[in-house]
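Single-letter residue listing:
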Amino acid sequence: MNNEMKDKISNNLKKLKPSGIRRFFDLVQTKKDVISLGVGEPDFITPWSIIDSAYYHMKKGHTHYTSNYGLLEFRLEVANYLKKYNLQYNEKEIIATVGGSEGIDLALRAIINPGDEIIVPEPVYVPYRPMVEFMNGVAVEIDTSKTNFKITPEELEKKITSKTKAIILCYPNNPTGAIMSKEELEAIAKVIKKHQIWVISDEIYSELSYDGEHFSIASFEGMKEQTIYLNGFSKAFAMTGWRIGYLCGPEWLVTQIIKIHQYAILCAPIFSQYGAIEGLRNCNKEVKKMKDSFSRRRRLIYHGFKDIGFDVIEPKGAMYIFPNIEKYGLSDEDFAIKLLEEENVAVVPGSAFGDKFKGYIRCSYATEIELIKEAIDRIERFVKKLELKSI
Ligand SMILES: Cc1ncc(COP(=O)(O)O)c(C=O)c1O
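Since the structure is predicted, the reported quantities are computational estimates derived from the model, not experimental observations.

What counts and what doesn't
Per chain, the residues get numbers from 1 upward, laid out in the order the sequence is written. A pLDDT threshold of at least 70 governs which residues receive local features in this predicted model, and a stricter bar of 80 or more applies before side-chain atom pairs are shown or counted, although totals over entire chains, interfaces and linings include all residues. Side-chain descriptors were evaluated using all non-hydrogen atoms of the structure, hydrogens and water having been removed beforehand. Each residue is placed in one exposure class: buried if its accessible area under a 1.4 Å probe, protein chains only, is under 20% of its type's maximum, exposed if it is over 50%, and partly exposed if it falls in between. Counting from the N terminus, the helices are the DSSP runs of H or I reaching at least four residues and the strands are the DSSP runs of E reaching at least two. For two strands to be treated as a pair, DSSP must find at least two bridges joining them. All domain edges in this entry derive from an automatic or database-based domain assignment. Contacts were defined at the residue level, with two residues in contact if any of their heavy atoms lie within 4.5 Å. Two parts lose some accessible area (1.4 Å probe) when they are put together, and adding that loss for both gives the buried area. We define a salt bridge as a contact between a side-chain nitrogen of Lys or Arg and a carboxyl oxygen of Asp or Glu at a distance within 4 Å. Whether a residue is near a molecule or strand depends on its heavy atoms: it is near if one of them lies within 4 Å of it. Each polar contact in these results corresponds to two N or O atoms within 3.5 Å; when the atoms are within protein, one needs to be able to donate a hydrogen and the other to accept it, and residues that are neighboring in sequence are counted only if both atoms are side-chain atoms. What sets the accessible areas is the Shrake-Rupley method with a 1.4 Å probe; for residues, cover comes only from the shown protein chains. Side-chain classes follow a simple rule in which Ala, Val, Leu, Ile, Met, Phe, Trp, Tyr, Cys and Pro form the nonpolar group, Asp, Glu, Lys and Arg form the charged group, and the remainder, Gly included, forms the polar group. Among buried residues, the Ala, Val, Leu, Ile, Met, Phe, Trp, Tyr and Cys ones that are joined through side-chain atoms within 4.5 Å form a nonpolar core. This count recognises Lys and Arg as positive and Asp and Glu as negative, with His and chain-terminal groups excluded. UniProt positions are given in the numbering used here, feature names are shortened, and annotations may be inferred rather than shown by experiment. Note on method: axes are straight lines fitted to C-alpha atoms, helices fitted across the in-contact stretch only, with angles between N-to-C directions ranging 0 to 180 degrees. For classification, angles of less than 35 degrees are called roughly parallel, those exceeding 145 degrees roughly antiparallel, those between 65 and 115 degrees roughly perpendicular, and all remaining angles oblique. Two helices crossing with the near one rotated counterclockwise from the far one by less than a right angle form a left-handed crossing, whereas a clockwise rotation gives a right-handed crossing. Pairing of aromatic side chains here covers Phe, Tyr and the six-membered ring of Trp, requires ring centres within 6.5 Å, and sorts the geometry by plane angle: under 30 degrees stacked, over 60 edge-to-face, intermediate tilted.

**Concerning the pairing of strand β2 (residues 94-97)**
The side-chain alternation of β2 yields two buried faces, one formed by Ile94 and Ala96 and the other by Ile95 and Thr97. As defined by bridge partners, β2 adjoins strand β8 (residues 245-248) across 4 bridges and the pair is classed as antiparallel. Within β8, the residue paired with Ile95 across the bridge is Leu247.

Dropping the structure here:
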């Protein structure tokens, strides 16, 4: 490689660090027979009728571009579905995106000017901070580890300045499994309204909420005008490979955002949109079955960690648990690497979700029950050895 060429990429790209999860999983790939509690994707295959519907449409010759916004039928179905969360969006307020991931990218590109501050409560899903920084924004952290991984209005007030443009919310939360109740969200919404900032609300785990109803911050009076709502099919519909999600917002904003989507993406894949329509119309039962299965595994892994003696909060949503490992005297990376080397169990170091979280590991429980049990046994053996060494 010609060294002069190496200089000819964007400075922001040079600064962008690779995801901590990916780096760790390159290491996992080098080992055999590993029980992985690492991946953040359902272990289910997409429900059959979704596959069948997409295939049917392909065979019918529906293999073309759609409107930039997505098929009208898709948007109407999404609008109808979102009523269950008390959200009222019409077809001009919805864009079909390439997964929830494109929604995050679009939302941030749409609102950030250089130097704008975006509040990112951490620990949180990996891409938010790097993407904010890549767009010349400033990520302002709220550490939620002292408040059960929830945001409080007091903490939010402290972080808002004249440069604040938005806060990113992710509930049910990756990596902690925390959810926010209606009352807790209402208190946050009040602060957001008072300061007239955006909320980018990533609700991709909304269906995987195990402790009562999921509430969307966009459903409170006046909040639709200040919310960019993101959701997708990867998690609850087991459609990670289909790359389909959606972004909703007030019509005037969506009319702006569509320009970015138009130039960069054109449209989300047509057969994925057809598959998603089928999912929304006819897969209630399958979604519920997968959710119940995740919830059983959630209880198993939570009690497993608790019984070993970990300091851990019961996850109430998503598909992750975030145990504290400080008492074992190893950093998150050392813990994860040693656990992998000695017991063939892969977990994600907590610092992948924010620099401060070296005292945690993230485990996904989207893995077979028997493997979760075996992983818990191995983790127990591993920490017992650590405890013996420290005596
Ligand atoms: C909080 C959160 N948002 C968005 C995504 C991206 O999902 P998608 O596959 O829809 O792009 C993920 C995936 O792990 C996630 O955890």
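**Some remarks on the domain arrangement of the protein chain**
Each assigned domain of the protein chain is listed with its residue range as follows: domain 1 (3-45 + 285-383) and domain 2 (48-282). Using only C-alpha atoms to locate each centre, domain 1 and domain 2 end up separated by 24 Å. The partner domain 2 presents 34 residues to the 35 residues of domain 1 that form the contact. Of the roughly 2900 Å² buried at the junction of domain 1 and domain 2 (both faces included), carbon and sulfur atoms supply 63%. Across the contact surface, domain 1 and domain 2 share 2 salt bridges.

**Examining the site of the ligand**
If you check the shell around the ligand, you find 14 residues, and the closest are Gly100, Ser101, Asp202, Ser234 and Lys235. Note that an oxygen atom of the ligand is positioned 2.5 Å from one of the side-chain N or O atoms of Ser101. In the complex, the protein chains occlude 93% of the 400 Å² of accessible area that the ligand would expose alone. Looking at the shell around the ligand, the element that brings in the most residues is helix α6 (residues 99-111), giving 4 residues. When the residues that make up the shell around the ligand are grouped by side-chain class, the tally is 6 nonpolar, 5 polar and 3 charged.

**Brief notes about the nonpolar core**
With 73 residues, the main nonpolar core has Leu156, Ile217, Phe310 and Phe335 as its most contacted residues. Discounting chain neighbours no more than four positions away, the residues touching Ile217 are Leu169, Leu185, Ile188, Ala189, Ile192, Val199, Ser201, Glu203, Met223 and Thr227. Phe74, Leu87, Ala218 and Cys283 belong to the second largest nonpolar core, which has 31 residues in total.

**Focus: the side chain of Arg75**
Along the chain, Arg75 falls in helix α5 (residues 72-82). One buried charged residue, Arg75, remains without a salt bridge, the closest side chain of opposite sign being Glu91 at 6.4 Å. Beyond its immediate sequence surroundings of up to four residues, Arg75 is in contact with Ser67, Tyr69, Gly70, Glu91 and Ile94.

**Looking at the sheet that holds strand β9 (residues 320-321)**
Taken in spatial order, the 3 strands of this open sheet run β9-β12-β11, and their pairing is antiparallel. Across the chains shown, the open sheet's two edge strands, defined by having one partner strand only, are β9 and β11 (348-349). Summarising the sheet, β11 and strand β12 (residues 361-364) pair through 2 bridges and their orientation is antiparallel. Opposite Pro349, over in β12, you have Ile361 as the bridge partner.

**A word on the UniProt feature "domain: Aminotransferase class I/classII large" (unreviewed entry) in the protein chain**
Look at the UniProt record and you will see "domain: Aminotransferase class I/classII large" (unreviewed entry) annotated at residues 32-379. As annotated, residues 32-379 has a helix share of 40% and a strand share of 14%, and its two end C-alpha atoms lie 18 Å apart.

**Observations regarding the sheet that holds β2**
In spatial order, the strands read β2-β8-β7-β6-β5-β3-β4; together these 7 strands make up an open sheet with mixed pairing. The sheet terminates laterally at β2 and β4 (138-143), the two strands that pair on one side only. For this sheet, the mean inter-axis angle between neighbouring strands, taken without regard to orientation, is 20°. Those strands touched by α5 are β2, β7 (227-232) and β8, and its axis lies near 70° from that of β8.

**Brief notes about the environment of Leu71**
Locating Leu71 in the fold gives a position in the loop between α4 (48-59) and α5. Under the relative-accessibility criterion, Leu71 is labelled buried at 14%. Along the sequence, Leu71 and Lys84 sit 13 residues apart, while their C-alpha atoms lie 21 Å from each other. Beyond its immediate sequence surroundings of up to four residues, Leu71 is in contact with Thr66, Ile270, Gln273, Tyr274 and Ile277.

**Some points on α6**
By the criterion of burial, α6 is predominantly enclosed, with 10 of the 13 residues buried. Buried residues of α6: Gly99, Gly100, Glu102, Gly103, Ile104, Asp105, Leu106, Ala107, Leu108 and Ile111, and no others.

**Thoughts on the packing of α6 against helix α10 (residues 251-264)**
One way to put it is that α6 packs onto α10 with a least axis distance of 10 Å and a crossing angle of 120°. On the basis of the axis angle, α6 is oblique to α10. You can see that α6 and α10 cross each other, and the crossing is right-handed. Residues Glu102, Leu106, Arg109 and Ala110 of α6 lie in contact with α10, whose contacting residues are Ile257, Ile260 and His261.

**Looking at the packing of aromatic side chains**
Tallying each qualifying case throughout the model produces 19 aromatic pairs. Measuring from ring centre to ring centre gives 5.8 Å for Phe149 and Phe322, while their planes differ by 80°; the resulting arrangement is edge-to-face. A residue pair is termed long-range when its members are at least 10 positions apart, and Phe149 in the loop between β4 and α8 (153-159) and Phe322 in the loop between β9 and α13 (332-343) qualify at 173 residues. The exposure class assigned to Phe322 is buried, which follows from its relative accessible area of 2%.

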